[in-house]
2 protein chains.
Amino acid sequence: MLGTVTEPIPVPEAEKPSRENSIYRHLHTPDQKPLNLTDAQILKECRSIVLPFHSMDDVNELSVDIGGSLAKMVYFSNTEQGCTLNFYCLETNKINEFVEKIENIVRENYKDKEVTIIATGGGAHKYYDLLSRSGLVVQKEDEMQCLIIGLDFFITGGIPNEVFYYQADDASFVTEESVGEVYPYLLVNIGSGVSMVKVTGPKEGNFERVGGSSLGGGTLWGLLSILTDANTFDEMLEMATRGNNENVDLLVGDIYGTGYNKIGLKANHIASSMGKVFKEVVSGDVEDTLTREERLSKFKQEDIAQSLLYAVSYNIGQIAYLQAQRHELKKIYFAGSYIRNHIQTIRTLSFAIEFWSKGEKRAYFLNHEGYLGAMGAFLLRRESSNCSSSE
Amino acid sequence: MLGTVTEPIPVPEAEKPSRENSIYRHLHTPDQKPLNLTDAQILKECRSIVLPFHSMDDVNELSVDIGGSLAKMVYFSNTEQGCTLNFYCLETNKINEFVEKIENIVRENYKDKEVTIIATGGGAHKYYDLLSRSGLVVQKEDEMQCLIIGLDFFITGGIPNEVFYYQADDASFVTEESVGEVYPYLLVNIGSGVSMVKVTGPKEGNFERVGGSSLGGGTLWGLLSILTDANTFDEMLEMATRGNNENVDLLVGDIYGTGYNKIGLKANHIASSMGKVFKEVVSGDVEDTLTREERLSKFKQEDIAQSLLYAVSYNIGQIAYLQAQRHELKKIYFAGSYIRNHIQTIRTLSFAIEFWSKGEKRAYFLNHEGYLGAMGAFLLRRESSNCSSSE
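Here the structure is a predicted model, which is why all the values come from computation and not from measurement.

Calculation notes
- Residues numbered from 1 in each chain as written.
- Chains lettered and ligands numbered in written order.
- Predicted model: local features only at pLDDT ≥ 70, side-chain atom pairs only at ≥ 80, totals over all residues.
- Heavy atoms only, no water.
- Helix = DSSP H or I, 4+ residues; strand = E, 2+ residues; numbered from the N terminus.
- Buried < 20%, exposed > 50% of the residue type's maximum accessible area, 1.4 Å probe, protein only.
- Contact = heavy atoms within 4.5 Å.
- Areas by Shrake-Rupley, 256 points an atom, 1.4 Å probe, with all protein chains shown as cover.
- Salt bridge = Lys/Arg side-chain N within 4 Å of Asp/Glu carboxyl O.
- Domains from an automatic or database assignment.
- Buried area = accessible area lost by both parts, 1.4 Å probe.
- Axes fitted to C-alpha atoms, helices over the stretch in contact; angles between N-to-C directions.
- Parallel < 35°, antiparallel > 145°, perpendicular 65-115°, else oblique.
- Left-handed = near helix turned anticlockwise from the far one by under 90°.
- Nonpolar A, V, L, I, M, F, W, Y, C, P; charged D, E, K, R; others polar.
- Polar contact = N/O pair within 3.5 Å; in protein donor to acceptor, adjacent residues only side chain to side chain.
- Pairing = 2+ DSSP bridges.
- pLDDT = per-residue confidence, 0-100.

**Q** Describe the overall build of chain A, listing the residues and the values that go with them.
**A** Secondary structure assignment for chain A yields 12 helices and 16 strands. Counting over 391 residues, chain A shows a buried share of 64%. A sequence separation of at least 24 residues applies to 68% of the contacts in chain A between residues at least 6 apart. Total accessible area on chain A is roughly 14,400 Å²; 46% of this is exposed by carbon and sulfur atoms.

Next up, the structure:
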């Protein structure tokens with residue numbers, strides 16, 4: 001019966017790249033060939049990371065992470081000084097277009113090299129033959145392992161402004177340059193579905209999938225693609241920004257006329273997501289029956305988008321809190337393509353953790369939240385370039 | 001990323017009333033005027049409880065529990081031998097019809113008596129004036145307190161076949177005549193929204209709302225009322241029975257081609273509820289854009305109904321497990337009008353508890369699952385008939 005507080009909050013800037021020096025602190029494995037991250041900088045417009053002191057000579061691989069809804073890629077390109085780490089994604093149902101993109105990138109950026117595609121995610125198995133048809137070597141890597149290595153890199157790797165959290169007091173995003181003790185933490189990866197992983201260290205055996213949820217990005221995108229006219233995830237998120245969930249959600253105040261203070265429910269808490277809809281469209285009298293389309297048209301798409309974004313996000317936040325509590329983890333990293341740096345999503349997840357933990361746990365986010373798996377696959381290969389597939 | 005196993009299970013009978021003797025064991029308060037439950041029996045067709053040895057002379061009240069979606073009533077009627085405890089509910093948006101029903105019942109069943117309506121639920125406050133207009137005395141009671149007293153009565157009151165659980169091995173419903181130690185337990189009340197209450201004893205101060213969810217009945221009914229042609233909750237549930245969620249849900253096998261055994265995900269687990277929908281309707285090419293109605297018509301209403309029923313039920317089951325775990329409670333009672341004695345719902349909630357707790361916790365259900373609040377209000381009044389409203 002508890003939901004998100006819905007007062008509007010001003011929209012701050014999410015990314016504030018700086019030029020300050022940082023070193024690559026990811027070296028948990030002494031034999032790993034590190035990326036040279038000196039003066040690394042995130043480009044605001046595209047999230048690419050410029051590495052002025054890293055050489056393309058050293059790069060013979062690109063990596064892909066093919067999930068249930070999105071296919072992600074990490075690849076290098078040459079720049080005047082050093083090179084750039086690029087991030088690209090496309091809907092998984094356009095997998096042929098995705099493979100063409102790989103071929104183009106290899107042709108243009110990796111001229112005359114023997115390139116290996118390091119592949120992870122469910123699609124690494126499902127589309128292995130398709131990826132191999134390009135003539136490139138394809139090496140499959142375990143999804144969980146890649147996810148952890150990727151997150152580990154972003155947390156400790158010294159990319160300025162990579163990690164941030166939301167501060168409700170002044171509605172600001174605060175970048176966390178030093179994470180202090182890295183372990184243990186809970187990783188909540190939100191793609192089509194949700195996986196929650198307890199991580200106590202960077203190596204295999206130090207992490208365990210402790211839970212998850214089938215209510216994830218695929219649920220939100222699926223429902224909104226038949227309840228709104230939006231054609232892309234970003235259109236859906238933009239719609240949600242313009243909506244008002246109170247037109248479709250049943251608030252505590254709608255039921256009680258006021259709050260239910262005795263048990264800590266405020267009037268503006270969401271008692272039931274989409275809870276106003278049924279009673280507005282179904283009268284129960286046969287002669288008044290509306291068609292499905294007539295019913296749907298009674299509601300603003302924007303309001304539905306906001307309601308469902310809140311519902312899915314808040315639900316994930318609550319389960320994440322309960323898992324973190326159970327495993328005594330104070331830090332919760334939210335990642336995955338669901339988040340897309342969207343402010344309402346970040347705010348709702350942060351609110352859930354803050355509310356349930358009474359401020360004792362904190363939700364962290366990353367600028368490259370959707371690319372943990374692909375980044376991890378890339379690094380894993382560099383670490384073990386002489387090994388065969390771990391699958 | 002984990003969901004419900006979806007293999008079909010034969011449909012057994014839910015209610016098997018017996019005539020065996022039982023006594024009213026609810027007497028936690030020595031001053032309470034008990035109902036005479038000797039030879040009490042649930043009538044299968046309407047869930048009324050026949051009380052052959054209770055007299056109508058003793059009854060001067062009826063009780064209502066007005067929630068966000070449904071208004072429930074408990075009232076007595078005369079029968080040849082003894083009397084009958086009746087249960088009635090109607091959508092809250094037909095509140096005027098509900099009040100007329102009250103007036104009719106009072107006129108027919110409570111002739112020449114000074115009747116008190118004991119009212120609980122959010123609507124007790126919101127519709128207090130409307131209820132009072134009937135000229136009857138209206139006494140408001142606290143919702144949580146009523147809920148607990150009602151559950152307590154049904155658990156310990158000696159109504160044969162009231163409490164049951166689902167046994168997956170042989171897909172049967174097992175009635176639990178003796179509950180052994182009653183406390184502590186977790187009550188999960190699913191109405192429009194979900195409330196989870198830790199109960200350590202029958203008295204005020206022995207229970208605490210420990211959590212909840214805005215993803216409840218209101219969410220399922222709201223979504224299905226704009227995604228299907230169904231006009232009632234029961235039509236929606238019936239639709240779900242005929243559907244196949246695998247046509248709209250993304251299963252683990254759809255992503256991996258197989259299971260992901262390393263982390264315990266089977267191929268038929270739901271990775272993402274409604275996770276197949278987006279990719280089937282949104283091609284991303286502008287020229288292929290379908291209208292909302294065209295998109296919706298690509299899916300069977302029955303499949304959507306089953307997917308969302310599973311999603312909401314499983315999610316509640318998971319959160320209930322995590323709360324029960326956290327508070328070290330082994331018994332979980334699921335109640336509220338969401339359940340409606342629907343087999344798929346009961347099975348999904350039971351599966352979630354069984355799966356997450358590895359069989360260590362058990363989900364219990366009640367034949368009068370939607371009437372805890374109304375029943376509790378009725379009993380509370382008998383207990384404290386000289387006290388004023390506790391609100």
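There's more to say after this.
**Q** Before we move on, can you summarise the pattern of salt bridges with the specific residues and values?
**A** Residue and element names in this part refer to chain A. Under the defined criterion, the tally for this structure stands at 12 salt bridges over all chains. Put simply, Glu238 and Arg242 hold a salt bridge, and the shortest N to O gap is 2.9 Å. Of this pair, Glu238 and Arg242 both sit in helix H6 (residues 233–242), 4 residues apart, which is roughly one turn of the helix. Take Glu238: its relative accessible area is 40%, and that puts it in the partly exposed class. Residue class for Arg242 comes out partly exposed when judged on its relative accessible area of 47%. Here the residues in one salt-bridge network are Glu238, Arg242 and Glu302, joined through shared partners.

**Q** Account for unusual backbone geometry, naming residues and giving values.
**A** Cis rather than trans, the peptide bond between Tyr183 of chain A and Pro184 of chain A has omega equal to -10 degrees. Mapped onto the elements, Pro184 of chain A comes out in the loop between strand S9 (172–175) and strand S10 (185–190). Residue Met274 of chain A is not a glycine yet carries a positive backbone phi of 65 degrees. Mapped onto the elements of the fold, Met274 of chain A is located in the loop between strand S14 (270–272) and helix H8 (277–281). Of note, Arg340 of chain B is a non-glycine position whose phi angle comes to about 50 degrees, a positive value. Along the chain, the position of Arg340 of chain B falls in the loop between strand S15 (331–335) and helix H11 (343–357).

**Q** Give a detailed account of the domain arrangement of chain A, specifying residues and quantitative values.
**A** All names here are of chain A. The domains assigned to chain A are domain 1 (25–159 + 373–380) and domain 2 (163–248 + 299–366). Look at where the C-alpha atoms of domain 1 and domain 2 centre, and you get two points 24 Å apart. With 17 residues of domain 1 in contact, the opposing surface of domain 2 contributes 25 residues. Carbon and sulfur atoms supply 64% of the area that domain 1 and domain 2 bury against each other, a total of about 1,900 Å² over both sides. Among the residues domain 1 hides against domain 2, the three largest losses belong to Ile148, Leu151 and Ile155. Together they make up 29% of the total. Here domain 1 and domain 2 share 0 salt bridges between them. Those elements that place two or more of their residues in the side of domain 1 that touches domain 2 are strand S4 (70–78) and helix H4 (143–156).

**Q** Lay out the packing of helix H10 (residues 301–326) of chain A against helix H10 (residues 301–326) of chain B in plain terms, naming residues and giving numbers.
**A** Where H10 of chain A meets H10 of chain B, the closest approach of the two axes is 10 Å, and the angle between their N-to-C directions is 30 degrees. Relative to H10 of chain B, the element H10 of chain A lies roughly parallel. The two elements H10 of chain A and H10 of chain B cross, and the hand of that crossing is left-handed. For the pair H10 of chain A and H10 of chain B, the contacting residues are Asn315, Gln318, Ile319, Tyr321, Leu322, Gln323, Gln325 and Arg326 of chain A in the first and Asn315, Gln318, Ile319, Tyr321, Leu322, Gln323, Gln325 and Arg326 of chain B in the second. Of the residues assigned to the contact of H10 of chain A with H10 of chain B, the class counts are 6 nonpolar, 8 polar and 2 charged.

**Q** So what's going on with the interface of chain B and chain A? Which residues, and what values?
**A** Contact with chain B, which involves 82 residues of that partner, is made by 82 residues of chain A. At the junction of chain B and chain A, the tally comes to 0 salt bridges. At the surface where chain B touches chain A, the tally comes to 29 residue pairs in polar contact (both at pLDDT 80 or more). The greatest single-element share of the side of chain B that touches chain A, amounting to 12 residues, is contributed by H10 of chain B. Here the side of chain B that touches chain A is built from residues that sort into 35 nonpolar, 32 polar and 15 charged.

**Q** Any details on the sheet that holds strand S3 (residues 61–66) of chain B? Residues and values, ideally.
**A** Residues and elements named next belong to chain B. Strands sit in the order S1-S2-S5-S4-S3-S6-S7 across an open sheet of 7 strands; the sheet is mixed. With partners counted over all chains shown, the strands left at the sheet margins are strand S1 (41–42) and strand S7 (137–140), one partner each. Note that strand S6 (residues 116–120) and S7 share 4 bridges and pair parallel. Following the sheet pairing, Ile118 is matched in S7 by Gln139. Packed on one face of the sheet, helix H1 (residues 95–109) meets S3, strand S4 (70–78), strand S5 (83–91) and S6 and runs near 10 degrees to S4.

**Q** Which residues make up the packing of helix H6 (residues 233–242) of chain B against H10 of chain B, and what are the values?
**A** Residues and elements named next belong to chain B. The interhelical angle for the contact between H6 and H10, taken along N-to-C directions, is 100 degrees, at an axis separation of 7 Å. Here H6 lies roughly perpendicular to H10, going by the angle between them. Here Met236, Leu237, Met239, Ala240, Thr241 and Arg242 of H6 come into contact with H10, specifically with Gln301, Glu302, Ala305, Gln306 and Leu309. A class-by-class count of the residues in the contact of H6 with H10 yields 6 nonpolar, 3 polar and 2 charged.

**Q** Please provide a residue-by-residue account of the confidence of the model for chain A, values included.
**A** Residue and element names in this part refer to chain A. Looking at chain A, pLDDT values average 84 and 84% of them are 70 or higher. Taken element by element, chain A is modelled with least confidence in helix H7 (residues 252–256), mean pLDDT 80, and with most confidence in H10, mean pLDDT 97. Ignoring residues within four places in sequence, the model shows residues 1–32, a span with pLDDT below 50, making 110 contacts including any to other chains. Ignoring residues within four places in sequence, the model shows residues 385–391, a span with pLDDT below 50, making 8 contacts including any to other chains. The ipTM assigned to the predicted complex is 0.86, against a pTM of 0.87.

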